[in-house]
Amino acid sequence: MKHIGSTFLFLALILWGSSTANAKLNVVTTTNDLADLVRQIGGPHVKAQSITKPRQDPHYVKAKPSLMVKLRRADLLVSIGLDLETGWLPSLIRGSRNPKIRPGEPGYLKVGGFIKAIGIPTAVDHSHGHVHAHGNPHFWLDPVRIQKLLSTVTKRLMKLDPAHAAEFKARAAALSEKLDAKIQEWTQKMAPYKGTPLVSYHDTFNYFYDRFGLVGVGTLEIKPGVPPSPKHLSRAIQMVKGNDVKVLLHEIYHDERPSKFVAKRTGAKIVFLPTSVGGVREASDYIAFMDVLINNIIASLEPAKE
Amino acid sequence: MFSVHQLSVRARIVLTILIGICSLPTANAQTRTVQERPNIWNPQISTGIVFLGGYSTADEHDHEGAHGLESGFQLQEIELRVESNVDPFFRGIVSLAGHMHEGVMEVGFEEAFLSTIAIPDLTLRAGKFLLNFGKSNLRHTHARHYLSAPMPTTALTGADHLLGIGVSLDYLMPLPFYTELNLQAVRPGWETGHSEDSDGHAHGGGGDPLDLTYVTHLKTLFDLGDTTTLELGGSYMANQDDHGHLQSVWGVDMTMKWVPLQRARYETIDWTTEYISSHRHGVQGDGLYTSIRRQTAQQWWMQLRGGVLGLTRETDTRRYRGETLLAFAPSERSAVRLQYALETQAHSDTTADEHHDLVHEVFLQFIVSMGTHPAHAY
Ligand SMILES: [Zn+2]
């Protein structure tokens, strides 16, 4: 009987080994937006891949074991934080058996801790839905916050790969400069729409509203993660009518029926929006993605403007 | 005894309280929210309640082996779980669980183990833990896909939950697809969780405490595109019984899971089939079950499972069990599940000739969870 145990142990030990020496820094991110930033800063010295696909809802990701395989050789894991990934990331980290990317290690970077969050609830009670208990995590839709995060990401890459520190710094500076110009352009483009009331399915666009002076009147979801009931939808119809909301923003991965239901009864228009780099083909990088977002929103508001 | 009216009032009170409590991620939860605690010295504490009520037509004489659900109200599980990284090297988990058995609440430490977190690719575990045998044993009562473990599994292993005290080593193999090899060695006998064996106690390994029970489990998973995964598993468990004879159980399982990328919150399908063969107390047995679960909306699941015990036996000595379940999970922390089960059971009475009993069960289950909770397997 005992030899069964020792045979297995022996088998396990001989299979253990083969760690690959990677010249490139292996970075895994939770979202495609983060992967894009890492790629732009890291250039040829990093290999960045995202766990979620661009059209996937980042709150609801199945902790597939194949994702653990993706993480097992990662040198750095970059996540959004603010509870966006709490439903699935901890089990992926544990399942990857990769001590480098454990919370607290240099290989773990949660960028949400470095931004000023909005929407932090005054009282955390699970009856309020609990997806956003530490503040709204959708800050990547604010280009200014993203620009500020570049140094955070850069510093971490420099720490893990000091040989290419100067290059990372230079690339980040170039990207920041590009963003400066674009932020100015976007602000000008959005200026005529200041004060426009909008409703979205989920509270995905709150940072975006704040940045460009739009007014988020409410969401179709009752609470983050809780789908609307018929009663809530009838209240949403009142909300849309009462605030003269002309456009409903709908994230591509959410159930379309509630938005369609409200649109039909209020005459509001639905604009379907990607929420990540790569969500539509033209959104090939962060700047292109923001362009898509802004152009689509403007196009939908255009006829409403005198 | 109270009247039906009184019962329903009591039930209403209990249900009101249960619904009022906000809550363990449940078997049907889409995702869980584990509040992240930056302080590693601050343990994650979670607690959950699984309440069950219903009726079974099984009479006393049908009580043969651990299967079926008992009529009336019961607390299937009360769990208090504390989990934390101990230091940069270890993680500790202690869970205190209560289960009701024949009207009596049995409370004990269900799991208590430490596991390594600093070794790449390997996790070494020591303490008391669930044995990694078959497809279903790692699921706690609140995370089970149905109200009870698969009938063939329970019947063939002789336990509702297989638990053991010993060591466990799991290894994520360096392959491009997920392959995990888990080896476990625990004290003589596989402990029988909270449901008793047919003879009422743990069996196997009478004498030498070093005659351990060994479990080995290999699990592989392949991505078939972005939406579908195929999981194949095999496990083997062996020890010596009181008389020094080898007793063993092995099983193979296959699971296909479909999760559409853009609609992962709204619809999923998974299909699991498992075959188990056992050789215990000198008796050969086998069984098979297959289960399909369909999530039809963010909060709704429809499920069907059918099992047969005794594939290699004569047709009329086989036992069949079918279950259908409807689940409503208002959030990831609560669920209400309604299950109807039909079971045929062969009796080999010494006097009369063999006949079948038909057992019907209708049960309603409430699951709630509070605090943090560790993740469930995919
Ligand atoms: Zn959100």
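Keep in mind that this is a model prediction, so the values were computed, not measured.

Residues and elements named next belong to chain A. Of all hydrophobic cores here, the largest spans 60 residues; its most connected members are Val27, Leu157, Phe208, Leu249, Phe289 and Met290. Sorting elements by how many residues they give to this core places helix H10 (residues 286–301) first, with ten residues. Three or more residues apiece are contributed to this core by two domains, here domain 1 (21–184) and domain 2 (185–305). Here Leu157 is in contact with Leu25, Val27, Val38, Ile41, Gly42, Val46, Leu76 and Phe168, once residues within four sequence places are set aside. Counting residues in each nonpolar core, the second largest holds 19 residues, with Val61, Met68, Trp88 and Ile93 among its members.

Residue and element names in this part refer to chain A. It is at 7 Å that the axes of helix H2 (residues 32–42) and helix H6 (residues 165–190) come closest, and there the two elements cross at 120°. Here H6 runs oblique to H2, going by the angle between their axes. Contacts from Leu37, Arg39, Gln40, Ile41 and Gly42 in H2 reach Phe168, Arg171, Ala172, Leu175 and Lys178 in H6. Grouping the constituent residues of the contact of H2 with H6 by class yields five nonpolar, two polar and three charged.

All names here are of chain A. Within helix H9 (residues 256–266) the residues assigned to the buried category are Pro258, Ser259, Val262 and Ala263. Down the axis, H9 shows its buried residues gathered within 130° of arc, on one side only. For H9, exposure combined with an orientation more than 90 degrees from the buried face picks out Arg257 and Lys264. Contacts from the buried residues of H9 go to helix H8 (230–242), strand E7 (247–251) and strand E8 (269–273).

On to the domain arrangement of chain A, then. All names here are of chain A. Here chain A is partitioned into domain 1 (21–184) and domain 2 (185–305). Using only C-alpha atoms to locate each centre, domain 1 and domain 2 end up separated by 25 Å. At the junction of the two partners, domain 1 supplies 39 residues and domain 2 supplies 34 residues. Where domain 1 touches domain 2, the interface holds three salt bridges. The salt bridge partner of Lys182 is Glu185, with a shortest N-O separation of 3.1 Å.

Residue and element names in this part refer to chain B. Taken as a whole and judged by the stated rule, the model has 32 salt bridges over all chains. With a closest N to O distance of 3.0 Å, Arg81 and Glu111 form a salt bridge. Of this pair, Arg81 sits in strand E2 (residues 72–85) while Glu111 sits in strand E4 (residues 104–116); the two residues are 30 residues apart in sequence, bridging distant segments of the chain. Classification of Arg81 by relative accessible area gives buried; the value is 6%. Given a relative accessible area of 5%, Glu111 falls into the buried group. Between Arg321 and Glu343 there is a salt bridge, with the nearest N and O atoms lying 2.7 Å from each other. With Arg321 in strand E14 (residues 319–331) and Glu343 in strand E15 (residues 334–347), the pair connects residues that are 22 residues apart, well separated along the chain. By relative accessible area, which is 5% here, Arg321 ends up buried. Residue class for Glu343 comes out buried when judged on its relative accessible area of 3%.

What counts and how
Residues numbered from 1 in each chain as written. Chains lettered and ligands numbered in written order. Predicted model: local features only at pLDDT ≥ 70, side-chain atom pairs only at ≥ 80, totals over all residues. Heavy atoms only, no water. Core = buried A, V, L, I, M, F, W, Y, C linked by side-chain atoms within 4.5 Å. Buried < 20%, exposed > 50% of the residue type's maximum accessible area, 1.4 Å probe, protein only. Helix = DSSP H or I, 4+ residues; strand = E, 2+ residues; numbered from the N terminus. Domains from an automatic or database assignment. Contact = heavy atoms within 4.5 Å. Axes fitted to C-alpha atoms, helices over the stretch in contact; angles between N-to-C directions. Parallel < 35°, antiparallel > 145°, perpendicular 65-115°, else oblique. Nonpolar A, V, L, I, M, F, W, Y, C, P; charged D, E, K, R; others polar. Arc of directions from axis to C-beta. Salt bridge = Lys/Arg side-chain N within 4 Å of Asp/Glu carboxyl O.

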